[in-house]
Each structure stands twice: as structure tokens, then as C-alpha cells.
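Tertiary structure, described
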Amino acid sequence: MSRIAVINPNTTSSMTATVVRAAAAAAQPGTVLTGRTPTHGPATVETNADEVAGAAAVLAEIDRAEAESPAPDGYVIACFGDTGLAAAKERAVGPVVGMTEAALVTASLIAHRFTIVTMPRRTLAMSDRVVRELGLGHRCRVRAVDEQVAGVAGGSLQLLDQFVEQSWAAMVEDDAEAIILGCAGLADLVGPLRAELGIPVIEGVAAAVGLVEALVAQGLSTSRANTYAPTGAGR
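Here we summarise the structure given alongside this text. This is a predicted model, so every value here is computed, not measured.

Here we have four strands laid out as an open sheet, ordered S2-S1-S3-S4, and parallel in their pairing. Two strands bound the open sheet, and with one partner strand each, they are strand S2 (32–36) and strand S4 (96–98). Here the average twist between neighbouring strands, direction ignored, is 25 degrees. Across the face of the sheet, helix H1 (residues 13–24) comes into contact with strand S1 (3–7) and S2 while running at roughly 165 degrees to S2. Contacting strand S3 (74–77) and S4, helix H4 (residues 99–110) crosses the sheet at an angle of about 75 degrees to S4.

Below, the structure is given as C-alpha cells:
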């Protein structure tokens, strides 16, 4: 049995519940998912300032979780742009996977070209950064629906038409062979979009849960050789 903590970098508990509920549907039998919502930080992560505050909130949640007995076997960062991911990898004992890196790695295995459809437009740079860091700029493009993250705290079906429009444009103009949903809380769009588009649609939190499960099953965690060597905090 794997115990996986899903960390929401913002303080909106309804979004945490929505994300965990959707991720549980993709988890293996026996995997226990626990959502963690910071007590301090931004209500949503939509600006550069939000991302800094959200990263600090992620690190605080990692430290709290690591102090528990037993600590989680692994972690998922449930924010597109992977807020605080590098620091979390440095601090946590078990593997930590960001939803953006998980979605991109998954897409790269099943499609040559793919497009992220994120939200709102001002967060395009956050997606661009992860794409660049993974070296996938030659295979991935980023588009956006200009809606606020707070609007999907309880579900996102009201945005289906906008995501369909951007996804069709990606297929025609970007030669996209798969679509990545670029925000936590969009899981209820996966089925309708797959039916409409006829290509794979990837939701990052579900992808990240699957990767953490696989890493835990193999006994693998973050290398401590250099980049993510611990700094003395945590276990």
C-alpha cells in the first residue's frame, strides 16, 4: 500500500478536494491519497508573486508531512507550473512529482507533438518554464483559456467549449497529437474532450499519482548525490 500526499499550493480547500477525488479514480487499489491544503498562502496561483508564496506553502506542508508518523511514501504537487517542486524534492524523503512534469513526460511517451491548454493567459510563462526545463520545446506548444483558476474550484465543465476550441486549434495549427490540461481541477473535462477530439487528453495530477506509485513500487526516490542533497531540514 502506498501513501501519497497531494499538495495543493493554494489555500482553497474545495480545490484540494476536487483534485484528490479525481486523482483517486486513477490510483491503484490500495493507494491512499491524502490532500493537503496550506493554512497560509495565495488563494490561487496565477501570478509570479502567488508562485513564490505558493512555493513557501508547499515547503511548509512537506515539512509537516515529513514530521508525521508514518510520513507519506511520496508526494504530488497539484499546481500547473509545479510550484515549489525543486525545493520539495530537496526536502522530502520519498519521491515528489509535479503535475506538469508528469503530464509532459506522459505525453512524450504517446505522442510526438502535443499542446498544453492552460489558464489564465498570464500563466503561459509558468508552463513555458517547465516545458523548457524538460527540453520539450521542439515538441510542445502552450495555449491558454483566459479564465481564473478560482472558477474551477468546484468543477470545470462550464469551460468545455473554450477548451474544445483551443484544442481543435492546437490540432490544426500545432499538429498536436495529444492535449495536456494545464490546471489542477480540470479532470472532469478529460472524458468529454477525448470524445470530441479523438486524441489522448492528459490530466497532470492523475499522471503524477501514477508516476509516484511506480517510483515507490521500484524503491526509487530523489537522488541525493548533488542537486537535491538535503540541507538539514526534514527527516
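Read on for the rest.
With that settled, the discussion passes to the pattern of salt bridges. Enumeration according to the criterion identifies nine salt bridges in this entry. For Glu-68, the salt bridge is made with Arg-36, and the minimal N-O distance between the two is 3.0 Å. One end of the pair, Glu-68, is in the loop between helix H2 (48–66) and S3; the other, Arg-36, is in strand S2, with 32 residues separating them in the sequence. Its relative accessible area of 36% is what places Glu-68 among the partly exposed residues. Among the residues examined, Arg-36 registers a relative accessible area of 12% and is labelled buried. Among the ionic pairs, Arg-143 bridges to Asp-174, the shortest N-O distance being 2.9 Å. Here Asp-174 lies in the loop between helix H6 (160–173) and strand S7 (179–182) and Arg-143 lies in strand S6 (residues 140–144), a separation of 31 residues in the sequence. Across this residue pair, the class does not change: Arg-143 and Asp-174 are buried. Salt bridges here are not isolated pairs; linked through shared partners, they connect Arg-36, Glu-61, Arg-64 and Glu-68.

Ranked by size, the top nonpolar core spans 58 residues in total, and within it Leu-104, Phe-114, Phe-163 and Ile-180 carry the most contacts. Among the nonpolar cores identified, the runner-up in size contains eleven residues, and Ile-7, Val-58, Tyr-75 and Leu-85 belong to it.

On to unusual backbone geometry, then. Looking along the chain, the bond that leaves Ser-69 and enters Pro-70 is cis, with omega of 0 degrees. Relative to the assigned elements, Pro-70 resides in the loop between H2 and S3. Along the chain, Met-119 connects to Pro-120 via a cis peptide bond; the corresponding omega equals -15 degrees. Relative to the helices and strands, Pro-120 is located in the loop between strand S5 (114–118) and helix H5 (124–133). Positioned with a positive phi, Asp-82 is a non-glycine residue whose angle comes to about 55 degrees. As for its placement among the helices and strands, Asp-82 is situated in the loop between S3 and helix H3 (85–91).

Parameters and conventions
- Residues numbered from 1 in each chain as written.
- Predicted model: local features only at pLDDT ≥ 70, side-chain atom pairs only at ≥ 80, totals over all residues.
- Heavy atoms only, no water.
- Pairing = 2+ DSSP bridges.
- Helix = DSSP H or I, 4+ residues; strand = E, 2+ residues; numbered from the N terminus.
- Axes fitted to C-alpha atoms, helices over the stretch in contact; angles between N-to-C directions.
- Contact = heavy atoms within 4.5 Å.
- Salt bridge = Lys/Arg side-chain N within 4 Å of Asp/Glu carboxyl O.
- Buried < 20%, exposed > 50% of the residue type's maximum accessible area, 1.4 Å probe, protein only.
- Core = buried A, V, L, I, M, F, W, Y, C linked by side-chain atoms within 4.5 Å.

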